[in-house]
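# Report on the structure
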Amino acid sequence: KEHSEPWDRDCPGLTKLHVFHMVVYDTIVFIEPDCLVLKDIYPLIQKGKVYTETEALVAAAPDMFPPDKFNSGVMVIRPSQATFDNMMDQRSL
């Protein structure tokens, strides 16, 4: 039996999108647990300060296959309720 309800019961794989919902933070560096951090990540946090607060921000490395997607293992994100709501509205498309 599950101890808590999963965030993405209706759409598996979208759990990490909830980081956009964490609007109490200015910038979030999302790192999946299978990533190994070898250097200071503070420069990633500074990337979030390049843009104005009203601009959305997602910084991630491109993925090799398919080439038009990005790897979400490490992302720099500026949380936005509007962006989160927009992504949730499009999840069934």
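For the structure itself, consult the block above.
For the structure given in this document, a descriptive report is provided here.

Here is what the cut-offs are and how they apply
Residues numbered from 1 in each chain as written. Predicted model: local features only at pLDDT ≥ 70, side-chain atom pairs only at ≥ 80, totals over all residues. Heavy atoms only, no water. Salt bridge = Lys/Arg side-chain N within 4 Å of Asp/Glu carboxyl O. Helix = DSSP H or I, 4+ residues; strand = E, 2+ residues; numbered from the N terminus. Pairing = 2+ DSSP bridges. Axes fitted to C-alpha atoms, helices over the stretch in contact; angles between N-to-C directions. Patch = residues over 30% accessible without salt bridge, like charges linked within 9 Å, V, L, I, M, F, W, Y side chains within 5 Å. Areas by Shrake-Rupley, 256 points an atom, 1.4 Å probe, with all protein chains shown as cover. Core = buried A, V, L, I, M, F, W, Y, C linked by side-chain atoms within 4.5 Å. Buried < 20%, exposed > 50% of the residue type's maximum accessible area, 1.4 Å probe, protein only. Contact = heavy atoms within 4.5 Å.

What follows concerns the pattern of salt bridges. This model, assessed by the stated rule, comprises 1 salt bridge. Note that Lys16 and Glu32 form a salt bridge whose closest N and O atoms lie 2.2 Å from each other. Taken together, the positions of Lys16 in the segment before β1 (28-31) and Glu32 in the loop between β1 and α1 (42-47) put the pair 16 residues apart, joining distant regions of the chain.

If you trace the backbone, Met88 turns up in helix α2 (residues 81-90). On a C-alpha basis, the gap between Met88 and His18 in space is 9.5 Å, while along the polypeptide they are 70 residues apart.

Another aspect to go through is the sheet that holds strand β3 (residues 70-78). As summarised here, the arrangement of the 3 strands in space is β1-β3-β2, forming an open sheet in which the pairing is antiparallel. The open sheet terminates on both sides in strands that have one partner only, identified here as β1 and β2 (57-62). The sheet shows a mean angle of 20° between the axes of neighbouring strands, taken without regard to direction. Bridge count for β1 against β3 is 4 bridges, and the pairing is antiparallel. Across the sheet, the residue bridging to Ile31 is Val74, located in β3.

Taken together, the side chains of Met22, Val24 and Tyr25 make up a nonpolar region of the molecular surface, amounting to roughly 320 Å² of accessible area. In this structure, Val24 sits in the segment before β1.

Among the nonpolar cores identified, the biggest contains 10 residues, and these are Leu14, Leu17, Val19, Phe20, Ile28, Phe30, Met75, Ile77, Phe84 and Met88. For this core, the secondary structure elements donating two or more residues are β1, β3 and α2.

With respect to the helices, strands and loops of the structure, Ser80 is situated in the loop between β3 and α2. With near-sequence residues (within four places) excluded, Ser80 lies in contact with Phe20 and Val23.

The next subject is the environment of Ala59. By secondary structure assignment, the location of Ala59 is in strand β2. Residues Ala59 and Val76 lie 17 residues apart in sequence; the distance between their C-alpha atoms is 5.0 Å. Leave out the neighbours within four places in its chain, and Ala59 touches Val74, Met75 and Val76.

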